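Here is what each chain is made of, one letter per residue.
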Amino acid sequence: MPLKKINHGAKVERVEEERVISLLDLPDLALECILERLSPAGLCSMAEVCASLRERCRSDHFWEKHMKPKWGRLIGDAAYREWECHLASTKRPTLLAQNKQNALLSFVQRIFPLSWIRPKLECKNEPRNSLPVDSIMALFLSLESGKFCFPAQVYNRENRNVGFMLSCYDAKLCYDSQTDTFLASYSTCGRRMTEDNIRWDRIRAPAVDTPSNVLHISDCLSDLNPGDHVEIQWRRNKEFPYGWWYCVVGHLESCSGNENYCHCPYRDTVILEFKQYTPGSRWRRTTISRKDHREEGDEAGGFYGGIRKLYLQDEISTWKSLWPAQILE
């Protein structure tokens, strides 16, 4: 009998089609390694694929890896407390509200231009796409969009005004992703002053947990020696907030400066030198009491407050990098 010709090629092709492997078929460890290598935009895109990937891509584990390198240096305890207050004050259950004017949603759509992300996020019948407000992803996107203004400190405020050289003041900061700079808002005598186009290298997280209108309790007075780098609170008058000013511990006038015969570490009086000012300037030197230090000064020369000693070389190097091009009068 004649044999029937069988089309083996079509059968093999159908078998291969049935063996298509999905991303979710990968072992958990392999999938996690892939997701760890995605950018923030990649994670947002992947979160829109399906419910399973949405849950994975919004995990704090992945977003912390983006949060720390970019924002970890600036977001300190004060900023996290502000974020908690921000969450507590909002009456909305989610950050990604369905309103087209929502600032965070507009930012996501601008930075992650996906033609299919808009209808999904704006669909009122799909709350599953809402973003948990207490997630690291929510904090990251709120910072990137400028929706969340956080407390930090700015070096050389007001566009490096000579009156603020080598100082650091508290401010509320908002990020501008278009220019990769910040807008700062300062509080001065009940008024708000703003400064824009502030670069990353002029910003730090608050060094101590002391409000700008409170005297810092100094715990390093007994450990101050000539040559030590310190910061001291200073304000123009009682109505102004404190700023932190960089200076160096100097020798007493009665000391020759010879380290073999120097008794400055054992004296009650400590000399602080602001070497950005010329010798003879009234701003060049001030004295504090090692045993009975408190706010000292007057309306003419301002008021000096608490002191913190700088032990980290990174802090000292940052101050030196901000040194003015010429000595101030």
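Structure: above.
Residues numbered from 1 in each chain as written. Predicted model: local features only at pLDDT ≥ 70, side-chain atom pairs only at ≥ 80, totals over all residues. Heavy atoms only, no water.

Engineer: Just to check I follow, could you spell out the overall build of the protein chain for this structure?
Structural biologist: Regarding its fold elements, the protein chain presents 11 helices and 11 strands. Residues counted as buried form 45% of the 329 residues belonging to the protein chain. When contacts within the protein chain are restricted to residue pairs at least 6 apart in sequence, long-range pairs at least 24 apart make up 60% of them. (Helix = DSSP H or I, 4+ residues; strand = E, 2+ residues; numbered from the N terminus. Buried < 20%, exposed > 50% of the residue type's maximum accessible area, 1.4 Å probe, protein only. Contact = heavy atoms within 4.5 Å.)

Engineer: Teacher, can you tell me more about the pairing of strand β2 (residues 167–176) here?
Structural biologist: In summary, the side chains of a regular strand alternate between the two faces of the sheet. For β2, the tally of buried residues reaches 7 of 10 residues, placing the bulk of the element in the interior. Bridge count for strand β1 (residues 150–155) against β2 is 6 bridges, and the pairing is antiparallel. Bridging from a neighbouring strand, F150 pairs with L173 of β2. By the bridge criterion, 2 bridges tie β2 to strand β7 (residues 243–250) in an arrangement that is antiparallel. Note on β7: the bridge partner recorded for C168 is W244. One ladder, built from 5 bridges, connects β2 with strand β3 (residues 181–188); its direction is antiparallel. When the sheet's bridge partners are listed, C174 is paired in β3 with L183. (Pairing = 2+ DSSP bridges.)

Engineer: Would you mind going over the state of the cysteines with me for this structure?
Structural biologist: When the sulfur atoms of two cysteines share a covalent bond, that bond is a disulfide. Inspection of the entire model under this criterion finds 1 disulfide. Through a disulfide, C149 is tied to C174; the S-S separation comes to 1.7 Å. Its torsion about the S-S bond being 70°, the disulfide of C149 and C174 is classed as right-handed. Taken as a pair, C149 in the loop between α9 (136–145) and β1 and C174 in strand β2 lie far apart in primary sequence, 25 residues in all. On the accessibility criterion, C149 (28% relative accessible area) is partly exposed. Judged by relative accessible area, C174 falls into the buried class, the value being 18%. (Disulfide = S-S within 2.5 Å.)

Engineer: Would you take a moment to explain the nonpolar core for this structure?
Structural biologist: Looking at soluble globular proteins, one finds that nonpolar side chains tend to be buried together. W71, L143, F150, L173 and F182 are the most contacted members of the largest nonpolar core, which has 36 residues in total. At 6 residues, α9 tops the list of elements feeding residues into this core. When neighbours within four sequence positions are excluded, F182 is seen to be in contact with W71, L74, F150, L173, C174, Y175, E195, D196, N197, I198, W200 and I203. Ranked by size, the runner-up nonpolar core spans 21 residues in total, among them F164, C220, V230 and I288. (Core = buried A, V, L, I, M, F, W, Y, C linked by side-chain atoms within 4.5 Å.)

Engineer: Whenever I open this one, the packing of aromatic side chains confuses me. Can you help?
Structural biologist: Aromatic ring pairs are defined here through the distance separating the ring centres and the angle between the ring planes. Applying the stated rule across the entire model yields 18 aromatic pairs. Ring centres 5.4 Å apart and planes at 55° place the aromatic pair W63 and F140 in the tilted group. Separated by 77 residues along the polypeptide, W63 in helix α5 (residues 60–71) and F140 in helix α9 bring together distant segments of the chain. As far as burial versus exposure is concerned, W63 and F140 are alike and both buried. Taking the centre distance of 5.4 Å and the plane angle of 90° together, the rings of F164 and Y169 count as edge-to-face. (Phe/Tyr/Trp six-rings, centres within 6.5 Å; stacked < 30°, edge-to-face > 60°.)

Engineer: What is the right way to read α5 from this model?
Structural biologist: In an α-helix, one turn spans 3.6 residues, which is why side chains three or four residues apart end up on the same side. Every buried residue of α5 is listed here: F62, W63, H66, M67 and W71. Across the axial projection of α5, the buried residues extend over an arc of 130°, all falling on one side. With respect to the buried face of α5, the exposed residues turned more than 90 degrees away are K68 and P69. (Arc of directions from axis to C-beta.)

Engineer: Honestly, the pattern of salt bridges in this entry has me stumped. Any pointers?
Structural biologist: Opposite charge on two side chains permits them to pair, given that their charged atoms come into close proximity. Counting across every chain of the model gives 17 salt bridges. Residue R157 pairs with E158 through a salt bridge whose shortest N-O separation is 2.9 Å. The partner of E195 in a salt bridge is R202, with the nearest N and O atoms 3.0 Å apart. Across the pair, R202 and E195 agree in class, each one buried. Through salt bridges with shared partners, a single network forms among R204, E231, R308 and E315. (Salt bridge = Lys/Arg side-chain N within 4 Å of Asp/Glu carboxyl O.)

Engineer: Help me understand the side chain of R235 in this model?
Structural biologist: If you trace the backbone, R235 turns up in strand β6 (residues 229–235). Looking at R235, the relative accessible area reads 9%, which means it is buried. One polar contact links R235 to E295, side chain to side chain, over a distance of 2.9 Å. (Polar contact = N/O pair within 3.5 Å; in protein donor to acceptor, adjacent residues only side chain to side chain.)

Honestly, it's all geometry; don't read function into it.
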